[in-house]
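One-letter residues, chain by chain:
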Amino acid sequence: MAGLVKNECYKVLRQGKCFLFMGAVLVLQILKIYQARFTPRTEDGAELGGQSFPLHMIGAQSFVMALFAAVLAADLMAEEFRSGTLKLILLRPVDRRRIVAAKATALVAAVAALTGFSAAAAYVTGTLAFGWGDGGSVAATVAAAVASIGPYAGFGMLLLFVALLTEHAGMTIGIAAALYLFSPLFGIPPEYSIVHLMNTFHVTVARAASFGDILPGLGVIAAYVVFFHAAGVILIKRKDVLL
């Protein structure tokens, strides 16, 4: 299993999409800094500073992270169906469940790496632009950054399933964008929407007074991860990918 995960992670790095999205995150941070020259306060009225800017960016970059998860899912699953790479993988005596698990692990690892890079970069860019400032704390930012990975993982499992279902990279990315942009129109209650959690769960964790405050969100995230991962396993078992 470790070898499969290592191979999937290597493929993610080799494709270079991580570095492209690192650049996108930096550009977004620069745009937010420029915007702050006109509105130097966050939505809750606090002034931006080196301490608070990373926490602000976690929420501001959710669409970029959603697209990153979509691109990863498209490359790891849909594109491999199109190119026939999975034929080579399945010639080896490997359980298809492990293949899906390895791809899911690589996706979550890449999302976690980009989240960590973004937080570190935001400390640098925020401090250079605003000074260290008051408000916020490193511990709260780290907790929020780690918490934000959960909803992205749930969204990523959904997209891996979509990639398996469509076998089309462009369609996978398009569906991901549509889900993010138009999810309020689907009538899903916010507390059960993974897109809503992508934008709010890190704030819930940062402000939580007890574990009970974050438990409902954790349950929804876990449900998305488990359900769509299991659905992906069932689907890949039924696919005749060798033809």
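One can find the structure itself at the top, above this paragraph.
Residues numbered from 1 in each chain as written. Predicted model: local features only at pLDDT ≥ 70, side-chain atom pairs only at ≥ 80, totals over all residues. Heavy atoms only, no water.

Here's the deal with the state of the cysteines
Taken as a whole, this structure holds 0 disulfides when the rule is applied. Lacking any disulfide linkage, Cys 9 is separated from the closest cysteine sulfur, that of Cys 18, by 9.2 Å. A relative accessible area of 10% means that Cys 18 is categorised as buried. (Disulfide = S-S within 2.5 Å. Buried < 20%, exposed > 50% of the residue type's maximum accessible area, 1.4 Å probe, protein only.)

Here we look at the layout of surface pockets
Empty space left among the atoms is revealed by rolling a probe the size of a water molecule over them. Space inside the second largest pocket adds up to approximately 150 Å³. As for the second largest pocket, its lining consists of 13 residues, and the residues nearest its centre are Glu 191, Leu 197, Thr 204, Pro 216 and Gly 217. Those elements that provide at least two residues to the lining of the second largest pocket are α9 (194–207) and α10 (211–238). (1 Å grid on protein atoms, 1.4 Å probe; cavity = no way out; pocket = protein on both sides within 12 Å on 5 of 7 lines; lining within 4 Å. Points joined across faces, edges and corners; volume = space filled by probe spheres on them. Helix = DSSP H or I, 4+ residues; strand = E, 2+ residues; numbered from the N terminus.)

With respect to the nonpolar core
Phe 68, Phe 155 and Leu 159 are the most contacted members of the largest nonpolar core, which has 61 residues in total. Elements represented by at least two residues in this core include exactly α2 (17–36), α3 (53–60), α4 (62–83), α6 (96–130), α7 (138–166), α8 (169–182), α9 and α10. Of all the elements, α4 adds the most residues to this core, at 14 residues. Not counting residues within four places of it along the chain, the set of residues in contact with Phe 68 comprises Lys 17, Cys 18, Phe 21, Ala 110, Val 111 and Leu 114. (Core = buried A, V, L, I, M, F, W, Y, C linked by side-chain atoms within 4.5 Å. Contact = heavy atoms within 4.5 Å.)

As for the side chain of Asp 75
On the secondary structure map, Asp 75 appears in helix α4. Within the local environment of Asp 75, its side chain forms a polar contact with the side chain of Lys 17, the two groups lying 2.7 Å apart. With residues up to four places along the chain from it excluded, the contact list for Asp 75 reads Gln 15, Lys 17 and Glu 80. (Polar contact = N/O pair within 3.5 Å; in protein donor to acceptor, adjacent residues only side chain to side chain.)

A word on the packing of aromatic side chains
With the rule as written, the count across this model stands at 6 aromatic pairs. With a centroid separation of 5.1 Å and an interplanar angle of 50°, the aromatic rings of Phe 63 and Tyr 180 are classed as tilted. Here Phe 63, found in helix α4, pairs with Tyr 180, found in helix α8; they are 117 residues apart in sequence, far enough to count as distant. For Phe 63, a relative accessible area of 30% puts it in the partly exposed group. In this structure Tyr 180 comes out as buried when scored by relative accessible area, which is 15%. Considering the side-chain rings of Phe 227 and Phe 228, the 5.0 Å spacing of their centres and the 90° angle between planes classify their relative orientation as edge-to-face. The class for Phe 227 is exposed, based on a relative accessible area of 55%. What links up through ring pairs into an aromatic cluster is the set Phe 161, Tyr 224, Phe 227 and Phe 228. (Phe/Tyr/Trp six-rings, centres within 6.5 Å; stacked < 30°, edge-to-face > 60°.)

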